[in-house]
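Examining the three-dimensional arrangement
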Amino acid sequence: MAAGTVVIIVLAGIIVFGLLYVVATYNSLVGLRNQLKNAWSQIEVQLKRRHDLIPNLVETTRGYAAHERQTFDAVTSARARAAGAKSMSEISSAESELTGVLSRFMAVMENYPELKANQNFLALQEELTSTENKIAFARQAYNDQVLFLNNKIQMFPSNVVAGMFNFRPAEYFELEDKAQAAVPKVSF
Amino acid sequence: MFWSIIAANKRKTVLLIAAMGLFLVLLGAAIGVFVAGDYHPYAGFAGAGIAALVWAVMLLASLYASDSVLLSISNAHQVDRDTYPQLYNLVEEMVIAGSLPAMPKVYVVDDPAPNAFAMGKSPKDSHICVTAGLLAVCGRDELQGVVAHELGHIMNRDLLYMTVAATMLGSMLLISDVFLRSFRYSTMRYTSRSRRSSGKGAVVILIVSLVLAILAPILARILYFSISRKREYLADATSARLTRYPEGLASALEKIGGSTEKLVAARSVTAPFYIVNPTKQSLHDSVFATHPPLSARIKVLRSMAGGAGYLDYMKAYIQVTRKRQALIPAADLKGAGKVEIRAANAAGPAAGLTAAESRRRAGDIMRAVNKFAFVTCQCGLEIKLPPEYAGDTVSCPRCKRVHSVIRPGAKATGAVLSASAAMNASAAVRPESVAQDYSGPGHAGVQQEKLNPGKWQTITCHACGRPYEISPSFGSRKLVCSGCGSLILFSPASEAVHHKRG
Amino acid sequence: MKCPQCSDILITLEFDRIEIDYCPRCEGVWLDSGELALLLAREGGSALVGTFRPVSGKERKRTCPICSRAMKKILAGGNGSILLDECPDHGLWFDRGELKKTLAAGCSGIREEGREDSLTRLLDEIFVPCGEESR
Ligand SMILES: [Zn+2]
Ligand SMILES: [Zn+2]
Ligand SMILES: [Zn+2]
Ligand SMILES: [Zn+2]
């Protein structure tokens, strides 16, 4: 067999292998991106749930703490800002603010012991606690996915494929607020 | 995810099924030869065939019907979001934290002893059960720890192995019992025919089969119980990592272990499923113990100082148990991130309940699960009506006020949750907690309120500050405050006022 | 649970941490086992439970609302005037007014000067004493 044929066969093999690698990497990148979208939609569901709870909460507590006008206004306007946020950084800062305002709101409501006898309020309090937890857990799941995807996009050799098809690293979803003591912080 | 542990569990299950099959066939053959070997040359094969059939039936049963059987012998009632919102929420939270593919079905077990267990062979089809007693004594964080532990078993595929083992153990006990009965019967015959038979061979077979029959249950137990110990530590590790709050589970385990109530529904076959061994027969460290000692589990959780991740659990485990052997395979720890411990949830635990009080709370939880209607009268008497109660109204035996009965399931419009759900949430609230020193806007004379028909509404007596929940079916035009006797008038239409105890 | 007397559905009443099952028709009361001891312990009348003695009653035998087995007749109170039904596993059945009489007997010996007998008062509050003005 001529040396040329061997070279051709080896070259063809490398090309086929390379193509297979590109296809496989592309598919896994797309898969990761879809999982990321799923994780994000879980966060959105929970944030939406929180927005829906706030009017109920305000309505139920107003009769007990009518003179806490400032607190009610703060919650209502923070909710409005969060509901109007579009970009990731806007959502992140508006929701962080809402978390802080809500935890201060609940702290103020602690001063009204008769609220503890109101079944509506207790039910809403449980819903809010659970929604805050779900946001935190969904955020960790999302950020785990971001880490996976970004590693793949930035590390050799998968970064070559990612560059070819224009995959961009995803942004972490951070909620930072000094007041949000109840919400877990996670570092990697 | 403990991938290698999941794989090991699957492997072990297959091995167990095969080993049990072999064992049963041998046992069946021995019984066949012993009982009828003198008359029928193929009795051994017949015995083996029957045993194989039994094995196949048991296998099918364990794979397809075991969940419902085990759930029903455990008195479990399925609940949804409306019957116990907090429990349902906690399961949802952990499903999100663990990225499970499907929401497990949630059950409350009719039992005042605090405990919990899970069922199901894969994360796509699973069941989480907690007892009413657990709901009565545990706060939010504690309950979350327990739910996450059970989810840990589901994620690690422990239940696949345990379900198969439980069914197999059940069948072994049954078969050896049958054999020992037939042995007692045939020894009587044996003396009369021993002179005619070949003697030695029969005696050997007798001894072998007797040994087998005695060993079978013991072997099964050792196999099955010893395996359920390490998995409890692993599920604890998963719980700490998912909740990021190891103290929640630690304090729940303490409460479960400290309870004097005995679990009624527990059987030795279902015992290994529970988070804490319900039969309490376990000698501390024997081979027969279904669970590792509770004190060690609590100590490990409380020693997790640095964080809530798997590595932190491992460190604490080695420090407490002084075991060299790794709890979590190194391959599963790769890429395990650092997880910080979170702060406690604001909703505090129900601490310091007496035995009678927690029993009563457990009773109320079971009533809510069983669709009882709750009516609280203005006079302070609480009336609990079973679903069989036929009337639409109930008269208070204390003050003769007539109340309309709102059936659970009839959703309160406008409110997030149904009346029965709210009932649960307030189970902890006692009349004393309503503040007498409330200084609301004071008005002399008649108080006027607008009625919002079809909605739950909260109003407060302006004179004494007593709060009232107006039910959606409220149709009266006036209300006399039970606290101070002042009159409250409503602009538009029944008499269902749900007074917040006060 | 069904009333042992008239087979109506029993409803549960809770007041000030005391829970009883009550028949709205005949006004009889069912107490789970131990509940009476708990009630009496709160008032310091635990000795009463010791005075219970079995008797072959002329009254019709009733069945336990939990296990449906026939209940035993027992006599309670110092002079043995109150005839109750007891299921040894599940609890006690009191006909209308019997619970009040039993509790009064249990606490009479220990009533102190100036101390109001809060338990009897409580039961007075829960039930109209003789039931004349019930529906
Ligand atoms: Zn467990
Ligand atoms: Zn009343
Ligand atoms: Zn009756
Ligand atoms: Zn009985």
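Our subject is the structure listed above.
Residues numbered from 1 in each chain as written. Chains lettered and ligands numbered in written order. Predicted model: local features only at pLDDT ≥ 70, side-chain atom pairs only at ≥ 80, totals over all residues. Heavy atoms only, no water.

Right, let's get into the overall build of chain A. Helix and strand counts for chain A stand at five helices and zero strands. On C-alpha atoms alone, chain A measures out to a radius of gyration of 25 Å, which is more than a quarter above the 16 Å that the 2.2 N^0.38 rule sets for 188 residues. In terms of principal-axis extent, the alpha carbons of chain A reach across some 95 × 25 × 25 Å. Relative to its 188 residues, chain A shows a buried fraction of 46%. Expressed as a percentage of contacts within chain A between residues at least 6 apart in sequence, the contacts between residues at least 24 apart total 78%. Surface accessibility of chain A: about 9,600 Å² in total, with carbon and sulfur atoms responsible for 62%. In chain A, which carries 18 positive and 18 negative side-chain charges, the distance between the mean positions of the two groups comes to 6 Å. (Helix = DSSP H or I, 4+ residues; strand = E, 2+ residues; numbered from the N terminus. Rg over C-alpha atoms; globule rule 2.2 N^0.38 Å. Buried < 20%, exposed > 50% of the residue type's maximum accessible area, 1.4 Å probe, protein only. Contact = heavy atoms within 4.5 Å. Areas by Shrake-Rupley, 256 points an atom, 1.4 Å probe, with all protein chains shown as cover. Lys, Arg positive; Asp, Glu negative; His and termini not counted. Charge placed at Lys NZ, Arg CZ, Asp CG, Glu CD.)

Another aspect to go through is the sheet that holds strand S2 (residues 18-22) of chain C. In spatial order, the strands read S5(B)-S6(B)-S1(C)-S2(C)-S3(C)-S7(C)-S6(C)-S5(C)-S4(C); together these nine strands make up an open sheet with antiparallel pairing. Since the sheet does not close on itself, it has two edges, and those belong to strand S5 (373-376) of chain B together with strand S4 (53-54) of chain C, each with one partner. As paired elements, strand S6 (residues 82-87) of chain C and strand S7 (residues 91-94) of chain C share three bridges and run antiparallel to each other. Paired with Glu86(C) across the strands is Leu92(C), a residue of S7(C). (Pairing = 2+ DSSP bridges.)

Residue and element names in this part refer to chain B. In this structure, His149 (NE2), His153 (NE2), Glu232 (OE) and Glu232 (OE) serve as the protein donors to the zinc ion (ligand 1), at separations of 2.0 to 2.7 Å. Its four donor atoms give the zinc ion (ligand 1) angles of 52 to 140° at the centre, a pattern that matches the irregular case. If you list the donors of the zinc ion (ligand 1) from N- to C-terminus, the spacing comes out as H-x3-H-x78-E. Of the two residues, His149 sits in helix H6 (residues 140-155) while Glu232 sits in helix H8 (residues 200-243), which places them 83 residues apart along the sequence. (Donors = N, O, S within 2.8 Å, 3.2 Å for Na, K, Ca; no water. Tetrahedral: all angles 85-135°; square planar, octahedral: opposite > 155°, others 65-115°.)

Compared with an ideal rise of 1.5 Å per residue, which puts 13 residues at 18 Å, helix H9 (residues 246-258) of chain B spans 18 Å between its outermost C-alpha atoms and is within 8% of the ideal. Taken together, the buried positions of H9(B) are Pro246(B), Gly248(B), Leu249(B), Ala250(B), Ser251(B), Ala252(B), Leu253(B) and Ile256(B). (Expected span 1.5 Å × (residues − 1).)

This part covers the environment of Ser158(A). Residue and element names in this part refer to chain A. One can find Ser158 in helix H5 (residues 158-164). Expressed as a C-alpha distance, the spacing of Ser158 and Ile135, which sit 23 residues apart in the sequence, is 31 Å. The contacts of Ser158, once residues within four sequence positions are left out, are Tyr21, Thr25 and Lys152.

Here we come to the nonpolar core. When a protein is soluble and globular, its nonpolar side chains tend to lie buried together. Counting 116 residues, the largest nonpolar core has Met109(A), Tyr142(A), Phe173(A), Leu87(B) and Val108(B) as the members making the most contacts within it. Tallying contributions element by element places helix H1 (residues 3-62) of chain A first for this core, with eleven residues. If sequence neighbours within four positions are ignored, Leu87(B) has contacts with Val79(B), Val106(B), Tyr107(B), Val108(B), Val130(B), Leu135(B) and Val147(B). If you look at the next biggest cluster of nonpolar residues, it comprises 30 residues, including Ile383(B), Leu84(C), Leu92(C) and Leu99(C). (Core = buried A, V, L, I, M, F, W, Y, C linked by side-chain atoms within 4.5 Å.)

The next point concerns the interface of chain B and chain C. The partner chain C presents 19 residues to the 21 residues of chain B that form the contact. Overall, the association of chain B and chain C removes approximately 1,900 Å² of surface from exposure, summing both partners, and the carbon and sulfur fraction of that is 53%. For chain B, the biggest contributors to the area lost against chain C are Arg360(B), Pro397(B) and Arg398(B); these three give 33% of the whole. For the pair chain B and chain C, the number of links is four salt bridges. Between Arg360(B) and Glu19(C) there is a salt bridge, and its shortest N-O distance comes to 3.9 Å. Taken together, the connections running from chain B to chain C amount to five residue pairs in polar contact (both at pLDDT 80 or more). For the side of chain B that touches chain C, the secondary structure elements donating two or more residues are helix H13 (355-369) and strand S6 (382-385) of chain B. With five residues, the top contributor of residues to the side of chain B that touches chain C is H13(B). Classifying every residue of the side of chain B that touches chain C gives nine nonpolar, one polar and eleven charged. (Buried area = accessible area lost by both parts, 1.4 Å probe. Salt bridge = Lys/Arg side-chain N within 4 Å of Asp/Glu carboxyl O. Polar contact = N/O pair within 3.5 Å; in protein donor to acceptor, adjacent residues only side chain to side chain. Nonpolar A, V, L, I, M, F, W, Y, C, P; charged D, E, K, R; others polar.)

Residue and element names in this part refer to chain B. Taken together, the four strands give an open sheet; going across it, the order is S1-S2-S4-S3, and neighbouring strands pair in mixed fashion. Strand pairing shows two members of the sheet lacking a second neighbour, strand S1 (76-79) and strand S3 (116-122), which therefore form its edges. Neighbour-to-neighbour, the strand axes of the sheet open up by a mean angle of 25°, direction not taken into account. Where strand S2 (residues 105-109) and strand S4 (residues 125-131) come together, five bridges link them in parallel fashion. When the sheet's bridge partners are listed, Tyr107 is paired in S4 with Cys129. Docked against the sheet, helix H3 (residues 66-73) engages S1, S2, S3 and S4, running at close to 170° with respect to S3. (Axes fitted to C-alpha atoms, helices over the stretch in contact; angles between N-to-C directions.)

For any pair of aromatic rings, the description consists of the separation of the ring centres together with the inter-plane angle of the planes. All names here are of chain A. Enumeration according to the criterion identifies six aromatic pairs over all chains in this entry. Note on Trp40 and Tyr142: the rings are 5.3 Å apart at their centroids and 55° apart in plane angle, and the pair reads as tilted. Remark: Tyr142 occurs in helix H4 (residues 119-154) and Trp40 occurs in helix H1; sequence separation between them is 102 residues. No difference in accessibility class separates Trp40 from Tyr142, as the two residues are buried. Each ring, one from Trp40 and one from Phe173, has its centre 5.1 Å from the other, and the planes form 85°; the classification is edge-to-face. Note that Trp40 is positioned in helix H1 and Phe173 in the segment after H5, a separation of 133 residues in sequence. One exposure class covers both Trp40 and Phe173, and it is buried. (Phe/Tyr/Trp six-rings, centres within 6.5 Å; stacked < 30°, edge-to-face > 60°.)

Bringing the pairing of S6(B) into the picture now. Of the two faces of S6(B), the one carrying Glu382(B) and Lys384(B) and the one carrying Ile383(B) and Leu385(B) are both buried. Alignment of S5(B) against S6(B), held across four bridges, turns out to be antiparallel. Bridge pairing in S6(B) links Ala373(B) to Leu385(B). The antiparallel hairpin formed by S5(B) and S6(B) contains five residues in its connecting segment, where Gly380(B) sits at a positive phi of about 100°. In terms of strand pairing, S6(B) meets strand S1 (residues 11-15) of chain C through three bridges, oriented antiparallel. Residue pairing across strands places Glu382(B) opposite Glu14(C), the latter belonging to S1(C).

This next bit is on the packing of H1(A) against helix H3 (residues 88-109) of chain A. Residues and elements named next belong to chain A. It is at 12 Å that the axes of H1 and H3 come closest, and there the two elements cross at 35°. The element H1 and its partner H3 pack so that their crossing is left-handed. Residue-level inspection shows Trp40, Leu47, Arg50, His51, Ile54, Leu57 and Thr61 of H1 in contact with H3, the latter providing Met88, Ile91, Glu95, Leu98, Thr99, Leu102, Phe105, Met106 and Met109. By residue class, the composition of the contact of H1 with H3 is eleven nonpolar, three polar and two charged. (Left-handed = near helix turned anticlockwise from the far one by under 90°.)

Moving on to a nonpolar patch on the surface. Taken together, the side chains of Val6(A), Val7(A), Val10(A), Leu11(A) and Ile14(A) present a nonpolar region at the surface, about 430 Å² in accessible area. By the element assignment, Val6(A) lies in helix H1. (Patch = residues over 30% accessible without salt bridge, like charges linked within 9 Å, V, L, I, M, F, W, Y side chains within 5 Å.)

Residue and element names in this part refer to chain A. Over its 16 residues, helix H2 (residues 69-84) extends 23 Å from the first C-alpha to the last, a length consistent with the 22 Å expected when each residue adds 1.5 Å. Taken together, the buried positions of H2 are occupied by Thr71, Phe72, Val75, Ala78 and Ala82. End-on view of H2: buried residues confined to an arc of 135°, all on one side of the axis. Within H2, the exposed residues directed more than 90 degrees away from the buried face are Arg69 and Gln70. Those residues of H2 that are buried lie in contact with H1 and H3. (Arc of directions from axis to C-beta.)

All names here are of chain A. Orientation of H1 relative to H4, taken along the N-to-C sense of each, is 160°, at an axis distance of 8 Å. Judged on the interaxial angle alone, H4 and H1 are roughly antiparallel. For the crossing formed where H1 meets H4, the hand is left-handed. By residue class, the composition of the contact of H1 with H4 is 19 nonpolar, eleven polar and eight charged. (Parallel < 35°, antiparallel > 145°, perpendicular 65-115°, else oblique.)

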